[in-house]
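Listed here are the chains, written in short residue letters.
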Amino acid sequence: MDNRRVRLRFAPSPTGPLHIGGVRTALYNYLFAKRHGGDFLLRIEDTDQTRYVPGAEEYIIESLKWCGIQLDEGVSVGGKYEPYRQSERKELGIYKKYADQLIESGHAYYAFDSGEELDAIRERLNKAKEKPFQYNSITRQTMKNSLTLPEDEVKRRLENNEPYVIRLKVPRNEEIRLHDIIRGWVVVHSSQVDDKVLLKSDGMPTYHLAHIVDDILMEITHAVRGEEWLPSAPAHLLIYRYLGWEDVMPQYAHLPLLLKPDGNGKLSKRDGDKLGFPVFPLEWKDPATNEISSGYREQGYFPEAMINIIALLGWNPGHNTEMMSMEELIEQFSFEKVSKSGAKFDPEKAKWFNQQYLRKKDDKELAIEFMKDLNKRGLNPDAAYVENVCRLIKEKAHFIKEFWELGSFFFIAPDKYDEDVIKKRWNTDSKAAISKVKDDFKKFDVENDIVNDIQNVTWRGWQQRSIQLLFEQSCESIGVKSGNVMQVFRVCLSGIGGGPVLWEMAELLGKDEVVKRLETALEKIK
């Protein structure tokens, strides 16, 4: 194994949208493969055709692309092990020969029990409040299969094309040991393992057989999946052993569950928007019901923030740095640092991550996106102006979609004023101060006039320091403390009591607009 090229696969079933737990599985596969200079491939495991959902495969591919998880090989990109859809591989007869091999070696058998017969047994046991039925080394002795039926009857049934499945023949009294990179040694007694169906009556392999055959033929070195597959792992080990592949089988890593924010239960697809946040990377429209489930992309999350969030759900890099790029994640990731216990998803922390990435974004990049929103509102401001607006308001935002709410006053003068501030701060003194400030601003030559501070430093033109000094000097010239008027001044300009740095805001609005807004406020505020 040590000398083999590291190869990992993400192998989802196209039964609906890709859950963020699935994104994490794909990400961990990708990070490990890239850290070790290996390959990451996408395989579609569509053996259960009854659960196939149109559009799901395309959704999976688009989700991985948006997240920045790049494929070296697989569905949509090709490769030397094509095809990468199991339904297509089945048509080539890839799986049946291995099921037949297990039959011939005595490690599998034909089972002729109908679905109705098995359902009747389950129902009878349920009514009797007994243990759920398990087709295993004990119960198979009472069922209709090639282990209990006479050889000639088995032959006749097969020749008559009677429906059957091929089941794994689990030994009756054996200790099965397997090693998991995350969990260490796992020991299970064979009496706890059921005889898995390997090949269904329609000739389609089940997951239990197909993924093993594909992993070997595609030279997969590490099989990473959710912990819900851990109970099936002993049976899978037996299949590898019986096919003579135990020495080259992939190393297992069973990931912990993603839990709901309160820690009570698995975060599932069904939770959807019920909990107030998305559980899918992209928006999904159910083709059967037309029901729409929200996605992180459409909610305004950056893909790099999404990846950063998901990477830390169950993996601890061993230090306190939370903000990590894809390159940093690749450099540091290892399965040995993945926890055995479930990880709670924190939607507020997810917003925090997005906020950090938003703050790091270039103002020009943010302005391009914000401009789209402005254009939809019938506005077409100067690009440089929008960049400066983004610079001033991005510290307060979690998402670009919040920019308008935070900074609409940069584009449209307020027609309402914060009632709490006006009630508390608007009086004879503040009105007189605003009037004086307005007059002094109006007379100020933005090209040539200067203002001196108390250190006699000169500030020329319409810039934030000269605006602040002129404001303070205007207030003090009529005996009003400037600090008592600052919030009123802000409300006159923006309509609200909080926001960006006041003097930077006034500088960006420009002298003429500031004066105009002060005049309007003096007329409207009573």
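Keep in mind it's a predicted model, so treat the numbers as computed, not measured. (Residues numbered from 1 in each chain as written. Predicted model: local features only at pLDDT ≥ 70, side-chain atom pairs only at ≥ 80, totals over all residues. Heavy atoms only, no water.)

Regarding the overall build of the protein chain
Stated formally: A helix here means a DSSP run of H or I that spans at least four residues, while a strand means a run of E at least two residues long, and both kinds are numbered starting from the N terminus. Note on method: radius of gyration uses C-alpha positions; expected globular size equals 2.2 Å times residues raised to 0.38. Burial classification: accessible surface area is computed with a 1.4 Å probe over protein chains only, and a residue below 20% of its type maximum counts as buried, one above 50% as exposed, and the rest as partly exposed. His is not counted, nor are the chain ends; Lys and Arg add positive charge and Asp and Glu add negative charge. Positions of charges follow a simple convention, taking NZ of Lys, CZ of Arg, CG of Asp or CD of Glu.
Counting its secondary structure elements, the protein chain contains 20 helices and 16 strands. Its C-alpha radius of gyration of 33 Å places the protein chain more than 25% over the 24 Å reference for a compact globule of 526 residues. Each principal axis of the C-alpha distribution contributes one length, and for the protein chain these read about 110 × 55 × 35 Å. Across the 526 residues that make up the protein chain, the buried fraction comes to 51%. Separation between the mean location of the 76 positive side-chain charges and that of the 83 negative ones in the protein chain comes to 3 Å.

Regarding the environment of Val187
Condition: Contacts are assigned to residue pairs that have any heavy atoms within 4.5 Å of one another.
Locating Val187 in the fold gives a position in strand β7 (residues 184-189). Taking the relative accessible area as the measure of exposure, Val187 reaches 43% and is therefore partly exposed. Taking the C-alpha atoms as reference points, Val187 and Arg177, ten residues apart in sequence, are found 4.6 Å from one another. Residues within four places of Val187 in sequence aside, it is in contact with Glu175, Ile176 and Arg177.

Examining the pairing of β7
Filter applied, for reference: Strands qualify as paired when DSSP identifies two bridges or more between them.
Bridge analysis of strand β6 (residues 175-180) against β7 gives six bridges, and the strand direction is antiparallel. Bridge pairing links Ile176 to Val188 in β7. Remark: three residues form the turn of the hairpin made by β6 and β7, two consecutive strands paired antiparallel.

Considerations on the nonpolar core
Soluble, globular proteins show a tendency: their nonpolar side chains are buried together. Note the following rule: The definition of a nonpolar core used throughout is a set of buried Ala, Val, Leu, Ile, Met, Phe, Trp, Tyr and Cys residues joined through side-chain atoms within 4.5 Å.
Ranked by internal contacts, the top residues of the largest apolar core, which has 121 residues, are Phe335, Phe410, Phe411, Phe441 and Phe489. With nine residues, helix α1 (residues 20-35) is the single largest residue contributor to this core. If we skip the residues at most four places from it in the chain, Phe489 touches Ile434, Val437, Phe441, Phe471, Leu502, Trp503, Val514 and Leu518. Judged by nonpolar contacts, the second largest core, of 38 residues, contains Ile103, Val186, Ala233 and Leu238.

Looking at the sheet that holds strand β4 (residues 108-111)
Selection rule: Only the contacting stretch of a helix is used when fitting its axis, a line to C-alpha atoms as for every element, and angles between N-to-C directions run 0 to 180 degrees.
Pairing within the open sheet is antiparallel, and its three strands lie in the order β4-β5-β8. Either end of the sheet is taken by a strand with one partner, and the two such strands are β4 and β8 (197-199). Averaged over all neighbouring strand pairs, the angle between strand axes comes to 45 degrees, with direction disregarded. The pairing of β4 with strand β5 (residues 165-168) spans four bridges and is classified as antiparallel.

As for helix α13 (residues 383-393)
What counts, and what does not: Directions pointing from the helix axis toward each C-beta atom define the arc. Counted as a polar contact is a pair of N or O atoms within 3.5 Å, where, for protein atoms, one must be capable of donating a hydrogen and the other of accepting one, and residues adjacent in sequence contribute only when both atoms are in side chains.
Within the span of α13, buried status applies to Tyr385, Val386, Val389, Cys390, Leu392 and Ile393. For α13, the angular spread of buried residues about the axis comes to 165 degrees, placing them on one side. As for α13, its buried residues are in contact with α12 (363-376), α14 (403-407) and α19 (502-509). Between a side-chain oxygen at the N-terminus of α13 and the backbone nitrogen of Ala384 the separation is 3.1 Å; the capping residue is Asp382.

Topic: the packing of aromatic side chains
What counts here: The rule is short: rings of Phe, Tyr and Trp, with Trp giving its six-membered ring, pair when the centres are within 6.5 Å, and they are stacked under 30 degrees, edge-to-face over 60, tilted in between. Two thresholds decide whether a charge sits over a ring: the Lys NZ or Arg CZ must be within 6 Å of the ring centre and within 35 degrees of the ring normal.
Applying the stated criterion across every chain, the model contains 28 aromatic pairs. Taken together, the ring pairs connect Phe441, Phe444, Trp462, Phe471, Phe489 and Trp503 into an aromatic cluster. Sitting above the plane of the Tyr135 ring, Arg167 keeps its charged end 3.8 Å from the centroid. If you follow Arg177 out to its NZ or CZ, it ends over the ring of Trp185, 5.0 Å from the centre.

Let's talk about the environment of Glu331
Mapped onto the secondary structure, Glu331 falls in helix α10 (residues 326-332). Look at Glu331 and you get exposed, because its relative accessible area is 58%. When the C-alpha positions of Glu331 and Leu31 are compared, they lie 8.2 Å apart, and in sequence the two are 300 residues distant.

Topic: the pattern of salt bridges
What counts here: Salt bridge, as used here: a side-chain nitrogen of Lys or Arg that lies within 4 Å of a carboxyl oxygen of Asp or Glu.
The final tally for this structure, using the stated rule, is 42 salt bridges. Here Glu504 and Arg391 are joined by a salt bridge, their closest N and O atoms 2.8 Å apart. A residue pair is termed long-range when its members are at least 10 positions apart, and Glu504 in helix α19 and Arg391 in helix α13 qualify at 113 residues. Note that Lys442 is salt-bridged to Glu519, the shortest N-O span being 3.2 Å. Taken together, the residues Lys442 in helix α16 (residues 428-443) and Glu519 in helix α20 (residues 511-524) connect sequence positions 77 residues apart.

Looking at the packing of helix α7 (residues 207-217) against helix α8 (residues 233-242)
We count it as follows: Should an angle fall under 35 degrees it is called roughly parallel, over 145 degrees roughly antiparallel, and 65 to 115 degrees roughly perpendicular, with every other angle called oblique. Crossing handedness is defined as follows: a turn of the near helix away from the far one that is anticlockwise and smaller than a right angle gives a left-handed crossing, while the clockwise case is right-handed.
Two elements in contact, α7 and α8, have axes whose closest approach is 10 Å; the angle formed by their N-to-C orientations is 50 degrees. With respect to α8, the axis of α7 lies oblique. Judged by the twist between their axes, the crossing of α7 over α8 is right-handed. Only His236, Ile239 and Tyr240 of α8 make contact with α7, whose side of the interface consists of Tyr207, His208, Leu209, His211, Ile212, Asp215 and Ile216.

Considering the side chain of Lys511
Mapped onto the elements, Lys511 comes out in helix α20. Asp512 provides the closest opposite charge to the buried, unpaired Lys511, separated from it by 4.4 Å. At a separation of 3.2 Å, a polar atom in the side chain of Lys511 contacts the main-chain carbonyl oxygen of Lys442. Those residues in contact with Lys511, other than ones at most four positions away along the chain, are Phe441, Lys442, Phe444, Val446 and Trp462.

Comments concerning the packing of α16 against α20
Running from N to C, α16 and α20 point in directions that differ by 150 degrees, and their axes come no closer than 9 Å. With respect to each other, α16 and α20 are oriented roughly antiparallel. Where α16 crosses over α20, the two elements pack in a sense that is left-handed. Side by side, α16 and α20 meet where Lys431, Ile434, Ser435, Val437, Lys438, Phe441 and Lys442 of the first sit next to Lys511, Val514, Val515, Leu518, Glu519 and Leu522 of the second.

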